[in-house]
Amino acid sequence: MNDRVPPFAALIPKCNPGLGSMPLEDAGEVLQQLALSCHADPAKMIWQGEMPCPISFSGSVESVGFFDRLPDTGDGDLLAVMALPLAYQPSWGCYGGLPGQYLYSPGQTDLPSVAMGYVERCLQSYEYAKRHVHLGMDESGECYLSLPRHLVAGQGQPGDPQLALQGIAGEDGRGGLVQVFASGPFIAYRLSRTLREFLEGRGWRFRPGLSSAIGKDLRHLPLSFCPPAAGEDASPYAAILDPVLTEILASETPRLAATCYLLDRNFRRLAEAVEDAANRGRMVVGVAGLLLDMHGFQRRGERLFVPWRALVPERDDVGQVRTACLRQGALFRHLAELSPAMA
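The rules behind the values
Residues numbered from 1 in each chain as written. Predicted model: local features only at pLDDT ≥ 70, side-chain atom pairs only at ≥ 80, totals over all residues. Heavy atoms only, no water. Helix = DSSP H or I, 4+ residues; strand = E, 2+ residues; numbered from the N terminus. Buried < 20%, exposed > 50% of the residue type's maximum accessible area, 1.4 Å probe, protein only. Contact = heavy atoms within 4.5 Å. Areas by Shrake-Rupley, 256 points an atom, 1.4 Å probe, with all protein chains shown as cover. Core = buried A, V, L, I, M, F, W, Y, C linked by side-chain atoms within 4.5 Å. Salt bridge = Lys/Arg side-chain N within 4 Å of Asp/Glu carboxyl O. Expected span 1.5 Å × (residues − 1). Axes fitted to C-alpha atoms, helices over the stretch in contact; angles between N-to-C directions. Parallel < 35°, antiparallel > 145°, perpendicular 65-115°, else oblique. Nonpolar A, V, L, I, M, F, W, Y, C, P; charged D, E, K, R; others polar. Polar contact = N/O pair within 3.5 Å; in protein donor to acceptor, adjacent residues only side chain to side chain. Pairing = 2+ DSSP bridges. pLDDT = per-residue confidence, 0-100. Phe/Tyr/Trp six-rings, centres within 6.5 Å; stacked < 30°, edge-to-face > 60°. Lys NZ or Arg CZ within 6 Å of the ring centre and 35° of its normal.

## Topic: the overall build of the protein
Moving on, step 1. When helices and strands are counted, the protein shows eight helices and 15 strands.
Moving on, step 2. Looking at the protein residue by residue over its 343 residues, the buried ones come to 48%.
Moving on, step 3. Within the protein, contacts between residues at least 6 apart in sequence are counted, and of these 64% link residues at least 24 apart.
Moving on, step 4. Here the protein has roughly 16400 Å² of accessible surface; of this, 49% comes from carbon and sulfur atoms.

This is how it looks when you write it as structure tokens:
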């Protein structure tokens, strides 16, 4: 049996907010210094994120939706900044707060909030599945898996997690699955020998007459999510997130992982725009980051900008412009050199 542990490093980009941040009110000036260090003097900034733009800039500012493409702004140097918000509770050492506590309410309509609201809803149902999917062993030593009926693939409602039973439930030799018992909303199936050996090899201990919630080991099962209903606000973003949704939800910081995945997706689009501008000899600096929001937590009101990645133009010896990517650690060190207040 293949190892079902999600390959986080391969799919979900990393961001460590602890590597460096700056007060939001200083971010505009610092990013302008970054542009000047690249011999760019932008008179305009394009902002992709929550609206209105929360950082100050000496020139003009044009705000666009986070999932929109950068507009064609003609000639001249340009600074493009994209950011997504993330709640931060420092005394708990976590990002996103408690389950169900996020910077989202049903009344919000901006697209990042809708997308993250979908993640929040899925996270709650994922936590439910961790508590209600059980593994057990009967008195004869046979192992089984029990779960609510609506978590069986094909039975759930839009947004529900669903388990495909093929490969995890024992087969009866006639193309069906061995059902052990059914009680109210719960149903149980014989556990396949392959999955039992797999789980035992990773430390799961079966005991006769006992069952336990699967907990974090839910990540080993083939889990997917029922797609949102047609026309639902979240449906466009479900298509973006669903390929990696189980990896996001099984991570130690799922809200941070989801935010990084969306930021990375847009950063790739930003890279295309910056490369195109460089090919035309135009100086464009692109920066992506997080907005850490502490307001509402112990009467704190800090908002911080965490620089994550930057695309900066560089001229070679013959005057051609190429684009370099500065990742989080190198970017913050460079910004600290430009702004002594950050050091």
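Picking up after the structure, the text goes on.
## A short note on the nonpolar core
Moving on, step 1. Counting residues in each nonpolar core, the largest one holds 72 residues, and the members touching the most others are Val133, Leu147, Leu221 and Leu262.
Moving on, step 2. In terms of residues, this core owes the most to one element, helix H7 (residues 254-279), which gives eleven residues.
Moving on, step 3. Residues within four places of valine 133 in sequence aside, it is in contact with Leu145, Ser146, Leu147, Leu151, Leu163, Ser212, Ala213, Ile214, Leu218 and Leu221.
Moving on, step 4. If you look at the next biggest cluster of nonpolar residues, it comprises 27 residues, including Leu24, Ala35, Ala83 and Ala310.

## Regarding the pattern of salt bridges
Moving on, step 1. Across all of its chains, the model carries ten salt bridges by this definition.
Moving on, step 2. With a shortest N-O distance of 3.7 Å, glutamate 142 and arginine 190 are connected by a salt bridge. One end of the pair, glutamate 142, is in the loop between strand E6 (134-137) and strand E7 (143-148); the other, arginine 190, is in strand E10 (residues 186-190), and 48 residues separate them in sequence.
Moving on, step 3. The salt bridge partner of arginine 174 is aspartate 172, with a shortest N-O separation of 3.6 Å.

## Describing H7
Moving on, step 1. With 26 residues, H7 extends 38 Å from end C-alpha to end C-alpha; this agrees with the ideal 38 Å at 1.5 Å per step.
Moving on, step 2. Looking one or two places after H7, you find glycine 281, whose phi comes out positive at around 80°.

## Quick notes on the packing of helix H2 (residues 24-37) against helix H8 (residues 328-338)
Moving on, step 1. For the pair H2 and H8, the least separation of the axes is 10 Å and the interaxial angle reads 95°. Judged on the interaxial angle alone, H8 and H2 are roughly perpendicular. Residues Val30, Gln33, Leu34 and Ser37 of H2 form the contact with H8, whose participating residues are Leu331, His334, Leu335 and Leu338.
Moving on, step 2. Residues that form the contact of H2 with H8 fall into these classes: five nonpolar, three polar and no charged.

## A word on the side chain of glutamine 48
Moving on, step 1. Topologically, glutamine 48 is positioned in strand E2 (residues 44-48).
Moving on, step 2. Here glycine 65 takes part through its backbone oxygen, which lies 3.4 Å from a polar atom of the side chain of glutamine 48.
Moving on, step 3. At a separation of 2.6 Å, a polar atom in the side chain of glutamine 48 contacts the main-chain carbonyl oxygen of aspartate 68.
Moving on, step 4. With near-sequence residues (within four places) excluded, glutamine 48 lies in contact with Val64, Gly65, Phe66, Asp68, Leu70, Val81, Met82, Ala83 and Asn266.

## Quick word on the sheet that holds E10
Moving on, step 1. One open sheet holds the five strands; their spatial order is E9-E10-E7-E6-E11, and the pairing between them is antiparallel. Edge positions in the sheet fall to strand E9 (179-183) and strand E11 (210-213), since each of these pairs with one other strand and no more. Taken pair by pair, the neighbouring strands of this sheet meet at an average axis angle of 20°, ignoring direction.

## Quick notes on the confidence of the model for the protein
Moving on, step 1. With 83% of its residues at a pLDDT of 70 or more, the protein has an overall mean of 81.
Moving on, step 2. Contacts for the low-pLDDT stretch residues 97-109, under 50 throughout, to residues beyond four places or in other chains number 36 contacts.

## Examining the packing of aromatic side chains
Two measures describe an aromatic ring pair: the distance that separates the ring centres and the angle between the ring planes.
Moving on, step 1. On inspection of all chains with the given rule, the structure shows three aromatic pairs.
Moving on, step 2. Directly above the ring of phenylalanine 206 sits arginine 196, whose terminal nitrogen or CZ lies 5.9 Å from the centroid.

## Brief notes about the environment of glutamate 247
Moving on, step 1. For glutamate 247, the position within the fold is in helix H6 (residues 245-250).
Moving on, step 2. For the pair glutamate 247 and alanine 257, spaced ten residues apart in sequence, the C-alpha to C-alpha distance is 8.8 Å.
Moving on, step 3. Among the polar contacts listed, one links the side chain of glutamate 247 to the side chain of threonine 246, at a separation of 3.2 Å.

## Digging into H2
Moving on, step 1. Taking 1.5 Å as the rise per residue, H2 with 14 residues should run 20 Å; its terminal C-alpha atoms sit 20 Å apart, in good agreement.
Moving on, step 2. By the burial criterion, the buried members of H2 are Leu24, Ala27, Gly28, Val30, Leu31, Gln32, Leu34 and Ala35.
Moving on, step 3. Just beyond H2, the residue with positive phi is histidine 39, at close to 65°.

## Here we look at the environment of glutamine 328
Moving on, step 1. Take glutamine 328: it is sitting in helix H8.
Moving on, step 2. For the pair formed by glutamine 328 and proline 307, sequence separation is 21 residues and the distance between their alpha carbons is 6.6 Å.
Moving on, step 3. Apart from the residues lying within four places of it in its own chain, the contact partners of glutamine 328 are Cys15, Asn16, Pro17, Leu19, Val306, Pro307 and Trp308.

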